There are 2 protein chains.
Amino acid sequence: MSAEEAAAQQQQQQVGGDPAPAPESQQLQQQQDPPTYRCLVLTGHGGYDKVKLQVKKGLPALAKGDVLVRVKACGLNFADLMARQGLYDRLPPPPVTPGMECSGVLEALGEGVQERRVGDKVLVLHRCGLWQELVAVPANHTFLMPEGMSFEEAAAIPVNYISAYMMLFDFGNLRPHQSVLVHMAAGGVGIAAAQLCKTVEDVTVFGTASASKHEVISQGGVTHAIDYRSRDYVEEVRKLSPKGVDIVLDPLGGSDTQKAFNLLKPMGRVITYGAANLLTGPKKNLLAMAKMWYNQFSISALSLMQSTKGVCGFHLGYLDVESELVSSAMSKLLELYGQGKIEPRVDSTYHFEQVGDAMRRMQERRNIGKVILLPEPKKEEEAKKEEPKSEKTEETKKEEN
Amino acid sequence: MSAEEAAAQQQQQQVGGDPAPAPESQQLQQQQDPPTYRCLVLTGHGGYDKVKLQVKKGLPALAKGDVLVRVKACGLNFADLMARQGLYDRLPPPPVTPGMECSGVLEALGEGVQERRVGDKVLVLHRCGLWQELVAVPANHTFLMPEGMSFEEAAAIPVNYISAYMMLFDFGNLRPHQSVLVHMAAGGVGIAAAQLCKTVEDVTVFGTASASKHEVISQGGVTHAIDYRSRDYVEEVRKLSPKGVDIVLDPLGGSDTQKAFNLLKPMGRVITYGAANLLTGPKKNLLAMAKMWYNQFSISALSLMQSTKGVCGFHLGYLDVESELVSSAMSKLLELYGQGKIEPRVDSTYHFEQVGDAMRRMQERRNIGKVILLPEPKKEEEAKKEEPKSEKTEETKKEEN
């Protein structure tokens, strides 16, 4: 082990607050000592270091209707980055464990659970708290994983695909021959949206992403990739489609929502689902917030009527009580997965102790697809292998800046 | 002829500016003199007397792609009432002939018209100018009438049914087991909307109308009729459906749009398509206007996201260039008519010289279904028959007030 590696490992252990036990010793521990489980905890609002690895003792309590899941992979979402900065009101105040989606295996069933068995592999969607090795969640927040789906793929599905599905097919009512503008087309929702658009005949997808990602997103279903860093995306869309588009998925907020609205054809609609424009760096940016609120899109009934357009707001975090809506979207998605029509794209996987790096990757918009967190401890061997990756990462970073 | 009847006839002739010729003399006239045609003209903004019957000489000029239609029946719409008061910006300034929909028979084809024949019976949807005996309109603004459809029925279809169709199925994306609140459920759009809701499995329709109309609207597809004059419709809906509804069609505007928005379930949407609250009497009401603008619904992207709802504005008057969208809706509607699934309900018919009475009926919300205008002159015999009707009308009026 080089001096650098040793230092890195040391640091991880400090972040964790506890040395990460090797799998063998863990098994032993389970037999002899009270069980423990690793989890990530948001300890306060701020930069990447605010999410810390902790080890909890005991087991999560199973309420009636709950199941106990041994988590194998978790999804990282933009909302998690916002939550860390204190910009997401659906997460309880710190200290709290974030995490809205994961995949895993059922280890125990609470009272009254009929439709699940111990050993079932499941996808989980829940309001928060899933970034831990063991979680107790209501059984109806779990969905059976189809054959052949990996845990990483499964963790990449719930938030991104359900959001894209409901926005395109419920609010959007996407039909053949229509056109859609997908911002952040290389992000989790973007990748999902382009794949879902392809399930409808002759849909034109305009997708914004930096130039280095164009090849991948074009393969994934984007008809016209637009480099929003070097071009005005509104002009680019107008050049190709002078009348505008039928649907805009808007994760940006601020003045981009107005641009989206202006780009709509009559009977078109913008579905706004985020405020990525707020996230300019690892910490809360007051200037960006002021700009965002100042430019926030607002519209009157009269203007909507005179333009004959629609504006919808979407946030999966507010749909947690609507389990029927969510289940219905999920079962259609799993059907599409079975038909090979959607294919979650995993960008990268990070162990819990690397959560800061994972967040940074997403914050800096370097990912193409989903960033996944793994509860299991990072092995020494992996740490060694990863060195070349982090070099490459630095290169990409330069290119993007 | 009683003294009263004679006075009435005298007045009609004055309104017309010209005595209405009997059909026989009209035919003679056509052979000998240059042709003339009757039309209604909005001569200025104001009360019912601002729409006058006039007779024009010659024939409407046929441009390339136009067809000449001998009009048999015209539809009266809320927008026409607003236009008369100067509250509708899609009608050119007076003097101008209103009228957005009619039915009739083709009398001549302009250059380049391939898909129509002289003698074809058609429905017409056009921005304005259809309240006249003869009109020239682009051929693609006409639709062939199916077998068995009367001219009155045909004139009752375009505006109301296309609006209801596009609002429910395009913006609304109405699906089985959902619920819809239809305001003014006994009006043209309301009747159409309830019938269209019935084409989808297990849709619950809440319809507001005064109590005397409940029987009719219940037969027409309204599941729960609500008397908005004696009850708080929001409370009534909440009693039956505590979670709210999936779709609200809002022709009222002002504070009712906010109420509609609040009544939505998550993923629900309100489609606002009018400002009937502005029409409190026959003339422009500045207080109502001030109240309306003061209470006008306006919403920010953030509020939409936090509620996970949508707001759409609809106005067929702004879709006149979108002939593909409109044609597609119309062909689906004619298919539904052929299957007996929709059935336009004609409330009453008025001759051109009675346009003021027709408008008053609609203004005072006495109609159940469509109010139709007939270009052909009123015959003496009809005038006699109508007396009992106008008495009944007075009764209804008292009841409604």
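Residues numbered from 1 in each chain as written. Chains lettered and ligands numbered in written order. Predicted model: local features only at pLDDT ≥ 70, side-chain atom pairs only at ≥ 80, totals over all residues. Heavy atoms only, no water.

The name given to chain A in an unreviewed UniProt entry is Vesicle amine transport 1, with the source organism recorded as Scleropages formosus.

Trainee: With reference to specific residues and values, describe the pattern of salt bridges.
Mentor: Scanning all chains against the criterion turns up 22 salt bridges over all chains. Here Asp 170 of chain B and Arg 269 of chain A are joined by a salt bridge, their closest N and O atoms 2.7 Å apart. Residue Asp 170 of chain B is located in helix H5 (residues 158-171), and its partner Arg 269 of chain A is located in strand S12 (residues 264-272); the two belong to separate chains. For Asp 170 of chain B, a relative accessible area of 7% puts it in the buried group. (Salt bridge = Lys/Arg side-chain N within 4 Å of Asp/Glu carboxyl O. Helix = DSSP H or I, 4+ residues; strand = E, 2+ residues; numbered from the N terminus. Buried < 20%, exposed > 50% of the residue type's maximum accessible area, 1.4 Å probe, protein only.)

Trainee: Any details on the environment of Leu 109 of chain B? Residues and values, ideally.
Mentor: All names here are of chain B. With respect to the secondary-structure elements, Leu 109 resides in strand S4 (residues 101-109). Residue classification places Leu 109 among the partly exposed residues on the basis of a relative accessible area of 29%. Each C-alpha atom, one on Leu 109 and one on Ala 193, is 34 Å from the other, the two residues being 84 residues apart in sequence. Among all residues touching Leu 109, those that are not within four sequence positions of it are Leu 62, Asp 66, Val 67, Arg 116, Arg 117 and Val 118. (Contact = heavy atoms within 4.5 Å.)

Trainee: An account of unusual backbone geometry is requested, with residue identities and associated values reported.
Mentor: Of the consecutive residues Pro 94 of chain A and Pro 95 of chain A, the connecting peptide bond is found in the cis state with omega at 0°. By the secondary structure assignment, Pro 95 of chain A is in the loop between helix H3 (78-84) and strand S4 (101-109). You will see that His 177 of chain A, though not glycine, has its phi angle at about 70°, which is positive. For His 177 of chain A, the position within the fold is in the loop between helix H5 (158-171) and strand S8 (179-182). At Asp 202 of chain B, a residue that is not glycine, the phi angle is positive and equals roughly 55°.

Trainee: Pulling in residues and values, what's your account of the packing of H5 of chain B against helix H6 (residues 188-197) of chain B?
Mentor: Residue and element names in this part refer to chain B. Between H5 and H6, the shortest axis-to-axis distance is 8 Å and the interhelical angle comes to 50°. With respect to their mutual orientation, H5 and H6 come out oblique. H6 is crossed by H5, and the crossing has right-handed handedness. Residues Asn 160, Tyr 161, Ala 164, Tyr 165, Met 167, Leu 168 and Phe 169 of H5 pack against Gly 188, Val 189, Ile 191, Ala 192, Ala 193, Gln 195, Leu 196 and Cys 197 of H6. When grouped by side-chain class, the residues that make up the contact of H5 with H6 number 12 nonpolar, three polar and no charged. (Axes fitted to C-alpha atoms, helices over the stretch in contact; angles between N-to-C directions. Parallel < 35°, antiparallel > 145°, perpendicular 65-115°, else oblique. Left-handed = near helix turned anticlockwise from the far one by under 90°. Nonpolar A, V, L, I, M, F, W, Y, C, P; charged D, E, K, R; others polar.)

Trainee: Just give me the short version of the UniProt feature "domain: Enoyl reductase (ER)" (unreviewed entry) in chain A, but keep the residues and values in it.
Mentor: Under the present numbering, the feature "domain: Enoyl reductase (ER)" (unreviewed entry) in UniProt falls on residues 46-373 of chain A. Structurally, residues 46-373 of chain A comprises 30% helix and 25% strand, and the distance from its first C-alpha atom to its last is 20 Å. (UniProt positions renumbered as here; feature names shortened; annotations may be inferred.)

Trainee: Pulling in residues and values, what's your account of the sheet that holds strand S12 (residues 264-272) of chain B?
Mentor: Taken together, 12 strands build an open sheet; the order of strands is S10(A)-S9(A)-S8(A)-S11(A)-S12(A)-S14(A)-S14(B)-S12(B)-S11(B)-S8(B)-S9(B)-S10(B) and the sheet is mixed. With one partner strand each, in any of the chains shown, strand S10 (224-226) of chain A together with strand S10 (224-226) of chain B form the two edges of the open sheet. Across this sheet, the average inter-strand angle for adjacent strands is 15°, counted without regard to direction. Where S8 of chain A lies against strand S9 (residues 204-208) of chain A, four bridges are found, and the strand directions are parallel. Across the sheet, Ser 179 of chain A pairs through a bridge with Thr 204 of chain A, a residue of S9 of chain A. (Pairing = 2+ DSSP bridges.)

Trainee: Kindly report on empty space enclosed by the protein, identifying the contributing residues and their values.
Mentor: Following the criterion strictly, the structure yields seven cavities of 30 Å³ or more and no others. Considering only enclosed or pocket space, the largest cavity measures out at about 180 Å³ in volume. If you go around the largest cavity, you meet 15 residues; those closest to its centre are Leu 125, His 126, Arg 127, Leu 316 and Asp 320 of chain B. By residue number, the principal contributor to the lining of the largest cavity is helix H12 (residues 323-338) of chain B, which donates three residues. Class assignment for the residues of the lining of the largest cavity results in seven nonpolar, six polar and two charged. Taken together, Gly 253, Gly 254, Thr 257, Thr 272, Gly 274, Ala 275, Met 292, Trp 293 and Gln 296 of chain A together with Ala 301, Leu 302 and Met 305 of chain B form the lining of the second largest cavity. At the level of elements, helix H10 (286-294) of chain A together with helix H11 (301-307) of chain B are the ones that each hand at least two residues to the lining of the second largest cavity. Counting residues per element, the lining of the second largest cavity draws most heavily on H11 of chain B, at three residues. Looking at side-chain class alone, the lining of the second largest cavity contains six nonpolar, six polar and no charged residues. (1 Å grid on protein atoms, 1.4 Å probe; cavity = no way out; pocket = protein on both sides within 12 Å on 5 of 7 lines; lining within 4 Å. Points joined across faces, edges and corners; volume = space filled by probe spheres on them.)

Trainee: Describe the pairing of strand S9 (residues 204-208) of chain B, with residues and values.
Mentor: All names here are of chain B. Among the five residues that make up S9, four are buried, leaving the element largely enclosed by the rest of the structure. For the handedness criterion, the β-α-β arrangement of strand S8 (residues 179-182), H6 and S9 is classed as right-handed. Where S9 meets S10, three bridges bridge the pair, whose relative direction is parallel. Pairing of Thr 208 across the sheet is with Ile 226, part of S10. Taken together, S9, helix H7 (residues 214-219) and S10 constitute a β-α-β crossover, and its handedness is right-handed. (Right-handed = clockwise from strand over helix to strand, strands pointing away.)

Trainee: Tell me what's going on with the interface of chain A and chain B, and back it up with residues and numbers.
Mentor: Across the boundary between the two partners, chain A contributes 39 residues, which contact 39 residues of chain B. Of the roughly 3300 Å² buried between chain A and chain B, counting both surfaces, carbon and sulfur atoms make up 59%. Ranking the residues of chain A by area buried against chain B places Phe 171, Met 267 and Met 305 of chain A at the top, with a combined share of 20%. For the pair chain A and chain B, the number of links is four salt bridges. The partner of Asp 170 of chain B in a salt bridge is Arg 175 of chain A, with the nearest N and O atoms 2.8 Å apart. (Buried area = accessible area lost by both parts, 1.4 Å probe.)

Trainee: Tell me about the packing of aromatic side chains, and please be specific about residues and values.
Mentor: Two aromatic rings are characterised by how far apart their centres lie and by the angle between their planes. Residues and elements named next belong to chain B. In this structure the tally under the stated criterion is four aromatic pairs over all chains. When the ring of Tyr 165 is compared with that of Phe 169, the centres are 4.9 Å apart and the planes differ by 65°; the resulting orientation is edge-to-face. In this pair, Tyr 165 and Phe 169 are both assigned in helix H5, four residues apart and thus about one turn of the helix distant. Considered together, Tyr 165 and Phe 169 belong to a single accessibility category, that of buried residues. (Phe/Tyr/Trp six-rings, centres within 6.5 Å; stacked < 30°, edge-to-face > 60°.)

Trainee: Requested: an account of the side chain of Ser 163 of chain A, with residues and values cited.
Mentor: Residue and element names in this part refer to chain A. Assignment of secondary structure puts Ser 163 in helix H5. Within the local environment of Ser 163, its side chain forms a polar contact with the backbone oxygen of Val 159, the two atoms lying 2.7 Å apart. The residues contacting Ser 163, other than those within four sequence positions of it, are Pro 158, Phe 314 and Leu 316. (Polar contact = N/O pair within 3.5 Å; in protein donor to acceptor, adjacent residues only side chain to side chain.)

Trainee: Provide a residue-level description of the relation of the copies chain A and chain B, including the pertinent values.
Mentor: Once turned by 180° and shifted 0.0 Å along the axis, chain A lies on chain B with an RMSD of 0.0 Å. As the rotation angle and translation indicate, the two copies are arranged about a two-fold axis. Of all interface residues in chain A, 100% are interface residues in chain B too; the two copies therefore contact each other through one and the same surface. (Least-squares fit on C-alpha atoms with pLDDT ≥ 70 in both.)

Trainee: Tell me about the confidence of the model for chain A, residues and numbers included.
Mentor: Residue and element names in this part refer to chain A. Summing up the model confidence of chain A, the mean pLDDT is 88 and the portion of residues at 70 or higher is 87%. The low-confidence segment residues 387-401, where pLDDT is below 50, has 16 contacts with residues more than four positions distant or belonging to other chains. Predicted as a complex, the structure gets a pTM of 0.86 and an ipTM equal to 0.85. (pLDDT = per-residue confidence, 0-100.)

Trainee: Lay out helix H13 (residues 355-363) of chain B with the relevant residues and their values.
Mentor: The buried fraction of H13 of chain B amounts to seven of the nine residues, a majority that puts the element mostly inside the structure. Where H13 of chain B is concerned, the buried positions are Val 355, Gly 356, Ala 358, Met 359, Arg 361, Met 362 and Gln 363 of chain B.

Trainee: Lay out the state of the cysteines in plain terms, naming residues and giving numbers.
Mentor: Linking two cysteines covalently through their sulfur atoms gives a disulfide. Residue and element names in this part refer to chain A. For the coordinates displayed, the defined rule picks out zero disulfides over all chains. There is no disulfide at Cys 74, and the cysteine sulfur nearest it, in Cys 102, is 5.4 Å away. You can call Cys 74 buried: its relative accessible area is 0%. (Disulfide = S-S within 2.5 Å.)

Trainee: An account of helix H8 (residues 233-240) of chain B is needed here, citing residue identities and associated values.
Mentor: All names here are of chain B. Listed as buried for H8 are Tyr 233, Glu 236 and Val 237. What you see down the axis of H8 is that its buried residues fit within an arc of 95°, all on one side. Residues of H8 that are buried in the fold lie against S8, S9, S10, strand S11 (245-250) and helix H9 (255-263). Its side-chain oxygen 2.8 Å from the backbone nitrogen of Val 234, Asp 232 forms the N-cap of H8. (Arc of directions from axis to C-beta.)

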